[in-house]
Amino acid sequence: DIQMTQSPSSVSASVGDRVTITCRASQGISNWLAWYQQKPGKAPKLLIYAASSLQSGVPSRFSGSGSGTDFTLTISSLQPEDFATYYCQQANSFPQFTFGPGTKVNVK
Amino acid sequence: QLQLQESGPGLVKPSETLSLTCTVSGGSISSSSYYWDWIRQPPGKGLEWIGSIYYSGNTYYNPSLKSRVTISVDTSKHQFSLKLSSVTAADTAVYYCASYYYASGSFDYWGQGTLVTVSP
């Protein structure tokens, strides 16, 4: 099984800050990685797929990078609506999928 | 664009079977590009993939739940369904249906989620 870890588990930031979240896979997953944003009481929303491709309609302040085992999600300038929990998800072991444990972005 | 909507009981007794249905609109459940998935999230916790079905009926399950899960599809009704047997309190969660787009390796559309509580 491929295990996913994320760091940090939570981060406190202010509007305008640059925020970086890391996701690590227990074995190489090429670029089969997606990022989701989830707000309380809502379903997750796809932000990034294939490690670095921006989903249609997602603001360009979100970007993803990485390949193999190490990946990052960057929010270049945090906006008020970006306070949420972020999850990574691997699809290399299709049709088996695993999610990371999540990173909560809090108000500083 | 695709829209997915879960339906089913919000309360299930321990040892019984949880049953949920997801109705797909705005696109074809018989699309060769998509798999149809169930994902759950216990209160205050992370996301757990339950299983997936292709329109042809091929199914794939999380090994940790495989002995208790059945996913089926009814293309004529544009629906797919989840059955989880022998539930316990640990199965209390928000259950989401989602579409998996094979080419992108991601879940691009999600239902709003439905809370299922396991309690006597």
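That block above? That's the structure.
Residues numbered from 1 in each chain as written. Chains lettered and ligands numbered in written order. Predicted model: local features only at pLDDT ≥ 70, side-chain atom pairs only at ≥ 80, totals over all residues. Heavy atoms only, no water.

Student: Explain the overall build of chain A to me, please; I cannot follow it from the model alone.
Tutor: Assigned secondary structure in chain A consists of zero helices and 11 strands. Secondary structure elements in chain A, listed N-terminal to C-terminal, are β-β-β-β-β-β-β-β-β-β-β. Dimensions of chain A along its principal axes, counting C-alpha atoms only, are 35 × 25 × 25 Å. Among the 108 residues that make up chain A, the fraction classed as buried is 44%. (Helix = DSSP H or I, 4+ residues; strand = E, 2+ residues; numbered from the N terminus. Buried < 20%, exposed > 50% of the residue type's maximum accessible area, 1.4 Å probe, protein only.)

Student: Looking at this structure, how should I read the interface of chain B and chain A?
Tutor: In many analyses, interface size is given as the accessible surface area lost on bringing the parts together. Contacts between the two partners involve 24 residues from chain B, matched on the other side by 19 residues from chain A. Taken over both partners, the interface formed by chain B and chain A buries close to 1,800 Å², and the fraction arising from carbon and sulfur atoms is 66%. Here chain B is connected to chain A by zero salt bridges. Summed over the shared surface of chain B and chain A, the number is seven residue pairs in polar contact (both at pLDDT 80 or more). Secondary structure elements with two or more residues in the side of chain B that touches chain A: strand S4 (34–41), strand S6 (59–61), strand S9 (93–101) and strand S10 (106–110) of chain B. (Contact = heavy atoms within 4.5 Å. Buried area = accessible area lost by both parts, 1.4 Å probe. Salt bridge = Lys/Arg side-chain N within 4 Å of Asp/Glu carboxyl O. Polar contact = N/O pair within 3.5 Å; in protein donor to acceptor, adjacent residues only side chain to side chain.)

Student: How should the pattern of salt bridges be read in this particular structure?
Tutor: Note that side chains of opposite charge can pair when their charged atoms are close. Residues and elements named next belong to chain A. Evaluated as defined, the whole model comprises six salt bridges over all chains. Here Arg24 ties to Asp70 by a salt bridge, and the two come within 2.5 Å at their closest N and O atoms. Separated by 46 residues along the polypeptide, Arg24 in strand S3 (residues 19–25) and Asp70 in strand S8 (residues 70–75) bring together distant segments of the chain. Note on Arg24: relative accessible area 47%, which makes it partly exposed.

Student: How should I be thinking about the sheet that holds strand S7 (residues 69–74) of chain B in this particular structure?
Tutor: Residues and elements named next belong to chain B. Taken in spatial order, the four strands make up an open sheet running S1-S3-S8-S7, and their pairing is antiparallel. The open sheet has two edge strands with one neighbour each: strand S1 (3–7) and S7. Strand-to-strand twist across the sheet, computed as the mean angle between neighbouring axes with direction ignored, equals 20 degrees. When S1 meets strand S3 (residues 18–25), the two strands line up antiparallel, connected through five bridges. For Gln3, the partnering residue across the bridge sits in S3 and is Ser25. (Pairing = 2+ DSSP bridges. Axes fitted to C-alpha atoms, helices over the stretch in contact; angles between N-to-C directions.)

Student: Looking at this structure, I do not really get the packing of aromatic side chains. What am I missing?
Tutor: Two aromatic rings are characterised by how far apart their centres lie and by the angle between their planes. Tallied over the entire structure, the rule returns 23 aromatic pairs over all chains. A centroid spacing of 5.0 Å and a plane angle of 80 degrees characterise the contact between Phe94 of chain A and Tyr35 of chain B, whose relative ring orientation is edge-to-face. With Phe94 of chain A in the loop between strand S9 (85–90) and strand S10 (98–99) and Tyr35 of chain B in strand S4, this residue pair bridges two chains. Given a relative accessible area of 11%, Tyr35 of chain B falls into the buried group. (Phe/Tyr/Trp six-rings, centres within 6.5 Å; stacked < 30°, edge-to-face > 60°.)

Student: I'm lost on the state of the cysteines in this one. Help?
Tutor: Two cysteines, two sulfur atoms, one covalent bond between them: this is a disulfide. Throughout the structure, instances matching the rule amount to two disulfides over all chains. Here Cys23 of chain A is linked by a disulfide to Cys88 of chain A, with a sulfur-sulfur distance of 2.1 Å. Torsion about the S-S bond of the Cys23 of chain A and Cys88 of chain A cystine: about 75 degrees, corresponding to right-handed handedness. Of this pair, Cys23 of chain A sits in strand S3 while Cys88 of chain A sits in strand S9, placing them 65 residues apart in sequence. Here Cys23 of chain A falls in the buried class, since its relative accessible area comes to 0%. A residue is classified by how much of its surface remains accessible, and Cys88 of chain A, at 0% relative accessible area, is buried. There is a disulfide in this structure between Cys22 of chain B and Cys97 of chain B, and the S-S distance comes to 2.1 Å. (Disulfide = S-S within 2.5 Å.)

Student: I tried to follow the sheet that holds strand S7 (residues 62–67) of chain A on my own but got confused; where do I start?
Tutor: Whenever strands of a sheet pair, they do so through backbone hydrogen bonds, lying parallel or antiparallel. Residue and element names in this part refer to chain A. Taken in spatial order, the four strands line up as S1-S3-S8-S7 in an open sheet, and their pairing is antiparallel. Pairing within the sheet leaves two strands with one partner each, and these edge strands are strand S1 (4–7) and S7. Here the strands of the sheet are splayed against their neighbours by 20 degrees on average, with no regard to which way each runs. Sheet topology places S7 next to S8; six bridges connect them, and they run antiparallel. For Gly66, the partnering residue across the bridge sits in S8 and is Phe71.

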